[in-house]
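Observations on chain architecture
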Amino acid sequence: MPKARAQNDQVEPVIGVIGGSGVYEIEGLTHKAWKRIESPFGDPSDALLFGRLKGKRVVFLPRHGRGHRIPPSQLNYRANIDALKRAGVTEILSLSAVGSLREELAPGDFVLVDQFIDRTFAREKSFFDTGLVAHVSMANPVCGRLGHCLQQAGDTLGLTMHQGGTYLAMEGPQFSTRAESELYRSWNCSVIGMTNMPEAKLAREAELCYATIAMVTDYDCWHPEHEHVTVDGVIATMLQNASKARHLIETVIPLLAEKRALCPQGCQRALDHAVVTQPPEWAPEVVSRLDAVAGRVLRGEA
Ligand SMILES: CSC[C@H]1O[C@H](OP(=O)(O)O)[C@H](O)[C@@H]1O
Ligand SMILES: Nc1ncnc2[nH]cnc12
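Under an unreviewed UniProt entry, the name given to the chain is S-methyl-5'-thioadenosine phosphorylase, and the source organism is Limibacillus halophilus. Per UniProt, the chain has the following entry under Subunit (unreviewed entry): "Homohexamer. Dimer of a homotrimer." One UniProt comment on the chain, placed under Sequence similarities (unreviewed entry), says "Belongs to the PNP/MTAP phosphorylase family. MTAP subfamily."

**Quick look at the pattern of salt bridges**
Between side chains of opposite charge, pairing is possible as soon as their charged atoms come close. All chains considered together, the criterion is met by 18 salt bridges. A salt bridge links glutamate 250 to arginine 246, with the nearest nitrogen and oxygen atoms 3.7 Å apart. A residue pair is termed a helical-turn pair when its members lie 3 or 4 positions apart in one helix, as glutamate 250 and arginine 246 do in helix α6 (residues 242-258) at 4 residues. Judged by its relative accessible area of 28%, arginine 246 is partly exposed. Within the structure, one salt-bridge network assembled from shared partners comprises Glu207, Arg269, Asp272 and Arg296.

**Describing the side chain of serine 21**
Its place among the elements puts serine 21 in the loop between β1 (14-19) and β2 (30-35). With relative accessibility at 17%, the residue serine 21 sits in the buried group. If we ignore the near neighbours within four places in the chain, the residues touching serine 21 are His64, His68, Ala97, Ile235 and Met238.

**Overview of the layout of surface pockets**
Of the volumes computed, that of the largest pocket is approximately 410 Å³. Considering the residues around the largest pocket, the lining is formed by 25 residues, among which Ser21, Ala97, Phe175, Met194 and Val234 are closest to the centre. Those elements that place two or more of their residues in the lining of the largest pocket are β5 (91-100), β10 (191-193), β11 (209-218) and α5 (231-240). By residue class, the composition of the lining of the largest pocket is 13 nonpolar, 9 polar and 3 charged. Considering only enclosed or pocket space, the second largest pocket measures out at about 280 Å³ in volume. The wall of the second largest pocket is formed by 19 residues, among which Val23, Glu25, Glu27, Ala242 and Arg246 lie closest to the centre. Those elements that place two or more of their residues in the lining of the second largest pocket are α5 and α6.

**Observations concerning the confidence of the model for the chain**
This prediction gives the chain a mean pLDDT of 94; 95% of its residues lie at or above 70. The complex model carries a pTM of 0.96, and its ipTM stands at 0.99.

**Section: α5**
Where α5 is concerned, the buried positions are Val234, Thr237 and Met238. Buried positions in α5, seen along its axis, are confined to an arc of 100° and lie on one side of it. Along α5, exposed side chains directed more than 90 degrees from the buried face belong to Asp232, Leu239 and Gln240. In the core, the buried residues of α5 are packed alongside β5, β11 and α6.

**Here we look at the site of ligand 1**
All residues in the neighbourhood of ligand 1 are listed as Gly20, Ser21, Arg63, His64, Pro72, Ser96, Ala97, Phe175, Gly193, Met194, Thr195 and Val234. Note that an oxygen atom of ligand 1 is positioned 2.6 Å from one of the side-chain N or O atoms of histidine 64. A distance of 2.7 Å separates an oxygen atom of ligand 1 from a polar backbone atom of methionine 194. For ligand 1, whose accessible area on its own is 390 Å², the fraction buried by protein is 93%.

**Things to note about the site of ligand 2**
Around ligand 2, 13 residues are found, and the nearest of them are Ala97, Gly99, Thr217, Asp218 and Asp220. Side-chain polar atom of aspartate 218 to a nitrogen atom of ligand 2: 2.6 Å apart, as the coordinates give it. Across the complex, the protein chains shield 95% of the 260 Å² of accessible surface that ligand 2 would expose by itself. Placement of ligand 2 is best described as lying within the largest pocket. Looking at the shell around ligand 2, the elements with two or more residues in it are β5, β10 and β11. Counting residues per element, the shell around ligand 2 draws most heavily on β5, which supplies 3 residues. Its residues assigned to classes, the shell around ligand 2 comprises 8 nonpolar, 3 polar and 2 charged.

Rules and cut-offs
- Note on numbering: residues in each chain are counted from 1, in written sequence order.
- The order in which chains are written sets their letters, starting at A; the order in which ligands are written sets their numbers, starting at 1.
- Totals for whole chains, interfaces and linings use all residues, but because this is a predicted model, local features are given only for residues with pLDDT of at least 70 and pairs of side-chain atoms are given and counted only at 80 or more.
- To obtain the side-chain values, all non-hydrogen atoms of the structure were included, while hydrogens and water were left out.
- UniProt positions are given in the numbering used here, feature names are shortened, and annotations may be inferred rather than shown by experiment.
- Salt bridges, as used here, are contacts in which a Lys or Arg side-chain nitrogen is within 4 Å of a carboxyl oxygen on Asp or Glu.
- Secondary structure follows DSSP: runs of H or I at least 4 residues long count as helices, runs of E at least 2 residues long count as strands, and numbering of each begins at the N terminus.
- For every residue, the accessible area (1.4 Å probe, protein chains only) is compared with the maximum for its type, and the residue is labelled buried under 20%, exposed over 50%, or partly exposed between those bounds.
- Contact criterion: two residues are considered in contact whenever any of their non-hydrogen atoms come within 4.5 Å of each other.
- Here a cavity denotes grid points, spaced 1 Å and computed from the protein atoms alone, that fit a 1.4 Å probe unable to get out, and a pocket denotes an open set having protein on both sides within 12 Å along at least 5 of 7 lines; residues with an atom within 4 Å of a point are the lining.
- Grid points are joined across faces, edges and corners, and a volume is the space filled by probe spheres set on the points.
- Three residue categories are used. Nonpolar comprises Ala, Val, Leu, Ile, Met, Phe, Trp, Tyr, Cys and Pro, charged comprises Asp, Glu, Lys and Arg, and polar comprises the others, including Gly.
- How sure the predictor is of each residue is captured by pLDDT, a score from 0 to 100.
- An arc is given here, and it is the one of the directions from the helix axis to the C-beta atoms.
- We call a residue near a molecule or strand when any one of its heavy atoms sits within 4 Å of it.
- Definition of a polar contact: a pair of N or O atoms within 3.5 Å, with one able to donate and the other able to accept a hydrogen when the atoms are protein atoms, and with sequence-neighbouring residues admitted only if both atoms are side-chain atoms.
- Only the protein chains shown count as covering a residue, and every accessible area follows the Shrake-Rupley method with a 1.4 Å probe.
- Each molecule is assigned to a cavity or pocket provided more than half of its atoms lie within 2 Å of the corresponding grid points.

Take a look at the structure:
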């Protein structure tokens, strides 16, 4: 199993892209190779696609697997993030289809969410476990540096891109009832989806910068003048907007790669003060499977 490299500003950036519904490959990559990466947390959703985009290193993972085989509750989020870290990824862009909970967020728009509310309940949410307990901060779950580059890329392309918003992560797989949709609206949530939690939490534990490009596909089921969400509608809107998403990725990757620096928000040092278990009590099997995610702190590296 490959180990992750320690992160510092000398490391060549490797941009991880997680593709959601309707995004099962990334176009325009050169030096393409699909490679299976083993993880002690089980099987990732699929092999990882390694390649270069505008000369920059990219690793792509289709979140639900090619052919969209895996539902949100069965995704092995831990294996996905662990595999990306082992693949040398330094930051993650997550592409996700979302329902809109606000009139002004229309289908076809992009939202750079900056907060999440996690209402999922049937998923493994931490790499840490009995024998090695850690608590990371999730106060600012999205990396500001990635968000800034995404906004810059969106502005260059003239995309309708909303800065900030709260993503409500629901368990699914059924879409929401109207009462639930109205409840989330009353909580001031902006968009709804089924996958970004615990993905964002695990990226933080793995000390990877994370940002979501939420692509609005529907008005969920609350809007009196719009059809209730359906899979066909979601995929159709994603396909209509595929070229916008592709251009955004193509534009942001060189920006991210050029602006490589240690994350000012500290995403890459999220574990510095997080582990609470005293070293003599560390369980060897838990330490061993955390070699990629937490090796930096567990081995006492800078
Ligand atoms: C196919 S509609 C519902 C499905 O779409 C979203 O997935 P993703 O975030 O991977 O784009 C939503 O969360 C559901 O999993
Ligand atoms: N309305 C919705 N609810 C949950 N996940 C979604 N993905 C896209 N639209 C969605």
